[in-house]
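Structural overview for review
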Amino acid sequence: MTSGTLKSRESILNAFDTFRQDLDDHNDRRERLIKSSRDITNLSKKLIFLLHRTVTEDESQSDDHTLGLRAAARAKGKLAEIQALFANMRDELTGDRFWRYQRNVSPGLQEYIEALSFAHYLEHRSLISYDQVQTTLTDREGNFFFPLPLEDYLLGLADLTGELMRFAIAAIPRRGGRQKASDVCSFVRACKADFEGLTPYFKELRKKQSVTSQSLEKIEDATYAVVVRTSEFDIPPELLDDLVAQTVSRASDRSTFGDEPRRKRPRDSDYDVEDD
């Protein structure tokens, strides 16, 4: 065997060692990002449940502004914890790496945007903007942890409509809840209309629109039923609220009305998607 052949064989082995190291680094990095994304998803779900509990636990409090501020205050700790996880991802997603691993990060990012936008709505009664979300994903110097994909922002907002549906239906039996449910209904209807113009550009958003339509239909059915029934009584609004609360309470005893539906658990395939 000549020296030239030995050198050629050695160079090939070195090249494959480099390929092996690159693949090992890629797989290890992807696993770390998937784990972080799952942790973010779990924390975001807990935050959403915390927000729902906060706005429904005090039966005597009907002021939306007070409840919104209380919910936002309780959310800060969880949001900071989630944002710390995103900050830890930063070194793994430098440069073009983010776009290589975006599909592994997206599930957690969308769940975070859903929780963040719900907290924002409770406090401000408005939709959080793209720039406001991106600002939460920056360090103290204003440097982004990674760029926020527009698709993930929109899909996170689309998921918000489901939480608003649960919030509206839970509000109906509370004092002032009929008007609150009507306001949420108008808000979700406006969101659906705005999303509709973007569906040709985002395939997943088109799928989410069907779920948004179902959420809107549930809010409309609940609010319209209450409006029709309450129109039969000529009594002061305060007494009417008490009557609605009693009616909903009896209905919930006989059925699953108002029960918190089980949230869909992310599948492994939602995180661990092989690169094309």
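Computed from a prediction, not measured in an experiment: that's the story for all the values here.

This part covers the packing of helix 5 (residues 150–171) against helix 6 (residues 177–196). Interhelical geometry of helix 5 versus helix 6 gives an angle of 160 degrees and a closest axis separation of 9 Å. The orientation of helix 5 relative to helix 6 falls into the category roughly antiparallel. Crossing hand, helix 5 versus helix 6: left-handed. Packed against helix 5, whose contacting residues are Leu154, Leu157, Ala158, Thr161, Leu164, Phe167, Ala168 and Ala171, the element helix 6 presents Gly177, Lys180, Ala181, Val184, Phe187, Val188 and Phe195 at the interface. For the contact of helix 5 with helix 6, the residue count by class is 12 nonpolar, two polar and one charged.

This next bit is on the nonpolar core. Residues Phe86 and Tyr112 are the most contacted members of the largest nonpolar core, which totals 58 residues. Residue assignment for this core shows that the elements contributing at least two residues are helix 1 (3–56), helix 2 (64–89), helix 3 (97–124), helix 5, helix 6 and helix 7 (203–230). For this core, the element with the highest residue contribution is helix 3, accounting for 12 residues.

The next subject is the environment of arginine 97. With respect to the helices and strands, the residue arginine 97 is situated in helix 3. Look at arginine 97 and you get partly exposed, because its relative accessible area is 31%. In this view, arginine 97 contacts Arg29, Asp91 and Glu92; residues no more than four positions away in its chain are not counted. A distance of 3.3 Å separates the side chain of arginine 97 from the backbone oxygen of aspartate 91, its partner in a polar contact.

Right, let's talk about the pattern of salt bridges for a bit. Tallying each qualifying case throughout the model produces 12 salt bridges. Here glutamate 163 and arginine 166 are joined by a salt bridge, their closest N and O atoms 3.0 Å apart. Here arginine 166 and glutamate 163 lie together in helix 5, a separation of three residues that amounts to about one turn. Like arginine 166, glutamate 163 is buried. One network of salt bridges, with partners in common, ties together Arg29, Arg32 and Glu92.

Glancing now at the environment of glutamate 57. Relative to the helices and strands, glutamate 57 resides in the loop between helix 1 and helix 2. Put simply, glutamate 57 and leucine 67 are 10 residues apart on the chain and 10.0 Å apart in space, counted from C-alpha to C-alpha.

We now examine a negative patch on the surface. Residues Asp22, Asp25, Asp28 and Glu31 make up a contiguous surface patch of negative charge. Residue position: aspartate 28 is located in helix 1. Judged by relative accessible area, aspartate 28 falls into the partly exposed class, the value being 43%.

Our focus in this paragraph is the packing of aromatic side chains. All told, the structure shown has eight aromatic pairs when counted by the stated rule. Ring centres of phenylalanine 86 and tyrosine 112 lie 5.2 Å apart, and the angle between their planes is 65 degrees; on these two criteria the pair is classed as edge-to-face. In this pair, phenylalanine 86 is assigned in helix 2 and tyrosine 112 in helix 3, connecting sequence segments 26 residues apart. Per residue, the accessibility class of phenylalanine 86 equals that of tyrosine 112, and both read buried. Here a set of aromatic residues connected by ring pairs shows up, and it is made of Phe86, Phe98, Trp99, Tyr112 and Phe146.

Right, let's get into helix 3. Helix length check: helix 3, at 28 residues, gives a terminal C-alpha distance of 35 Å against a target of 40 Å (1.5 Å per residue), a shortfall beyond 12%. Counting buried residues in helix 3 gives 22 out of 28 residues, a clear majority hidden from the surface. After helix 3 finishes, the residue arginine 125 shows a positive phi value of roughly 55 degrees.

Reading the values: rules and limits
Residues numbered from 1 in each chain as written. Predicted model: local features only at pLDDT ≥ 70, side-chain atom pairs only at ≥ 80, totals over all residues. Heavy atoms only, no water. Axes fitted to C-alpha atoms, helices over the stretch in contact; angles between N-to-C directions. Helix = DSSP H or I, 4+ residues; strand = E, 2+ residues; numbered from the N terminus. Parallel < 35°, antiparallel > 145°, perpendicular 65-115°, else oblique. Left-handed = near helix turned anticlockwise from the far one by under 90°. Contact = heavy atoms within 4.5 Å. Nonpolar A, V, L, I, M, F, W, Y, C, P; charged D, E, K, R; others polar. Core = buried A, V, L, I, M, F, W, Y, C linked by side-chain atoms within 4.5 Å. Buried < 20%, exposed > 50% of the residue type's maximum accessible area, 1.4 Å probe, protein only. Polar contact = N/O pair within 3.5 Å; in protein donor to acceptor, adjacent residues only side chain to side chain. Salt bridge = Lys/Arg side-chain N within 4 Å of Asp/Glu carboxyl O. Patch = residues over 30% accessible without salt bridge, like charges linked within 9 Å, V, L, I, M, F, W, Y side chains within 5 Å. Areas by Shrake-Rupley, 256 points an atom, 1.4 Å probe, with all protein chains shown as cover. Lys, Arg positive; Asp, Glu negative; His and termini not counted. Charge placed at Lys NZ, Arg CZ, Asp CG, Glu CD. Phe/Tyr/Trp six-rings, centres within 6.5 Å; stacked < 30°, edge-to-face > 60°. Expected span 1.5 Å × (residues − 1).

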